[in-house]
Amino acid sequence: MNYDLSYYPVFKYVDIGKTKQKKWKRIDISQIEKERNIIGNEDFCVSVARYRETNTKEEQPLLQGLIFDLDGEKALEDARKLRGLFYSGWDLKKEEVRFYFSGRRGFHIEIPPQELDISPSPNLHHYLKQVALIIEDRIELNSLDKSIYARRHLIRCLGATHGKTGLYKIELDPSELNLTFDEIKELAKKPRDSLYSIEDLPIQNNKDAIAVFKPFFNEAETIIAEEDCRAASPDYLLVYLVLLSQAGLTNYLSGRYSRINRCRENFGNCSSDRLSRF
């Protein structure tokens, strides 16, 4: 993971642990290497998200970038698809998208939050999952592991070894995705440092990429709102819509992002006098 603490510096805590072990621990990011030395490098994992507090209350906000966990026979092919999308379609620069080989048969791809102007939110992981699902559908990904979009999900840390293969998780130059899978595994027999230092990375967000990303994010919010509508009672739905309006989030309730309005129409028995109570 790429943790740039110049972006929302108060979000300085992560969870660490081992693959397939239920035990985990929340620590300051500065302590990652110390903890790695204590519990060992094999299958050493760190959380996808950053947190503002050491407590684990569900309502606290979290911060993370747009991340894809690709696993299986089609993973390398899908990584190449995403490389093409982000460089050609989103106009991201080479250092603004990070590619990692997981150590076995998968790839992790990350766009750090600062590049897309992503802000902390208690439900950020839900929205980013939906963004990933939209992208999965549009470019026909076949290997996306959706479990990564949980509030607390750990993935192998850069430089950690895989317990079954002994290979390292390494960062790849985008051009190395043109190698065969066996050639990439050969690279992973030795550890690698991150390809970029924090000083190499852009400080400001990418305005061109944000202009592409925001409609995806808005569509994700709409889809999730629509799902909430289906399960909501009429009164709950009215409160939800009023809160959206008061928060100034009605811009995506029109045009191509108007599906939530159809949810509202399903509750036509809600009269205007009931709405006026809120």
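Model, not experiment: these values are computed from the prediction.

With that settled, the discussion passes to the sheet that holds strand S8 (residues 106–111). Read from one edge of the open sheet, four strands run S6-S8-S7-S10, paired in antiparallel fashion. Two strands close off the open sheet at either side, each with one partner strand: strand S6 (66–71) and strand S10 (170–172). Neighbour to neighbour, the strand axes of the sheet diverge by 25° on average, direction disregarded. Of the strand pairs in this sheet, S6 and S8 are connected by six bridges, and their pairing is antiparallel. Residue pairing for S8: Phe68 is matched across the bridge by Ile109. Lying on the sheet, helix H2 (residues 75–89) is in contact with S6, strand S7 (98–101) and S8; it crosses S8 at an angle near 15°.

So, on to the confidence of the model for the protein. Of all residues in the protein, 78% attain a pLDDT of 70 or more, and the chain-wide mean is 84. Every residue in residues 251–260 is under pLDDT 50, and counting partners more than four places away or in other chains gives 24 contacts. Within the model, pLDDT remains below 50 along residues 262–278, and this stretch shows 25 contacts once partners closer than five positions in the same chain are excluded.

Take the environment of Phe99 next. Secondary-structure assignment places Phe99 in strand S7. Residues Phe99 and Ala79, spaced 20 residues apart in sequence, show a C-alpha to C-alpha distance of 8.2 Å.

A separate point is the pattern of salt bridges. Counting across every chain of the model gives 18 salt bridges. A salt bridge links Lys146 to Glu136, with the shortest nitrogen-to-oxygen separation between them at 3.1 Å. Taken as a pair, Lys146 in the loop between helix H3 (124–139) and strand S9 (154–156) and Glu136 in helix H3 lie far apart in primary sequence, ten residues in all. Overall, the relative accessible area of 16% leaves Glu136 in the buried class. In this structure, Glu176 engages Arg192 in a salt bridge whose closest nitrogen and oxygen atoms are separated by 2.8 Å. A residue pair is termed long-range when its members are at least 10 positions apart, and Glu176 in the loop between S10 and helix H4 (181–187) and Arg192 in the loop between H4 and helix H5 (207–231) qualify at 16 residues.

Compared with an ideal rise of 1.5 Å per residue, which puts 15 residues at 21 Å, H2 spans 20 Å between its outermost C-alpha atoms and is within 8% of the ideal. Those residues of H2 lying buried are Ala75, Leu76, Asp78, Ala79, Leu82, Arg83, Leu85 and Phe86. Looking at the residues trailing H2, positive phi occurs at Asp91, about 60°.

We now examine the layout of surface pockets. By volume, the largest pocket is sized at about 670 Å³. Contributing to the lining of the largest pocket are 26 residues, with Thr19, Lys20, His153, Leu154 and Arg156 lying nearest its centre. For the lining of the largest pocket, the secondary-structure elements that each account for two or more residues are S6, S8 and S9. In terms of residue class, the lining of the largest pocket is made up of five nonpolar, nine polar and twelve charged.

Turning our eyes to something else, we now look at the environment of Lys164. Here Lys164 lies in the loop between S9 and S10. Looking at Lys164, the relative accessible area reads 57%, which means it is exposed. Considered as a pair, Lys164 and Asp43 are 121 residues apart in the sequence and their alpha carbons are 9.3 Å apart. In this structure, Lys164 is in contact with Lys20 and Arg104, ignoring residues within four places of it in sequence.

Conventions and cut-offs
Residues numbered from 1 in each chain as written. Predicted model: local features only at pLDDT ≥ 70, side-chain atom pairs only at ≥ 80, totals over all residues. Heavy atoms only, no water. Pairing = 2+ DSSP bridges. Helix = DSSP H or I, 4+ residues; strand = E, 2+ residues; numbered from the N terminus. Axes fitted to C-alpha atoms, helices over the stretch in contact; angles between N-to-C directions. Contact = heavy atoms within 4.5 Å. pLDDT = per-residue confidence, 0-100. Salt bridge = Lys/Arg side-chain N within 4 Å of Asp/Glu carboxyl O. Buried < 20%, exposed > 50% of the residue type's maximum accessible area, 1.4 Å probe, protein only. Expected span 1.5 Å × (residues − 1). 1 Å grid on protein atoms, 1.4 Å probe; cavity = no way out; pocket = protein on both sides within 12 Å on 5 of 7 lines; lining within 4 Å. Points joined across faces, edges and corners; volume = space filled by probe spheres on them. Nonpolar A, V, L, I, M, F, W, Y, C, P; charged D, E, K, R; others polar.

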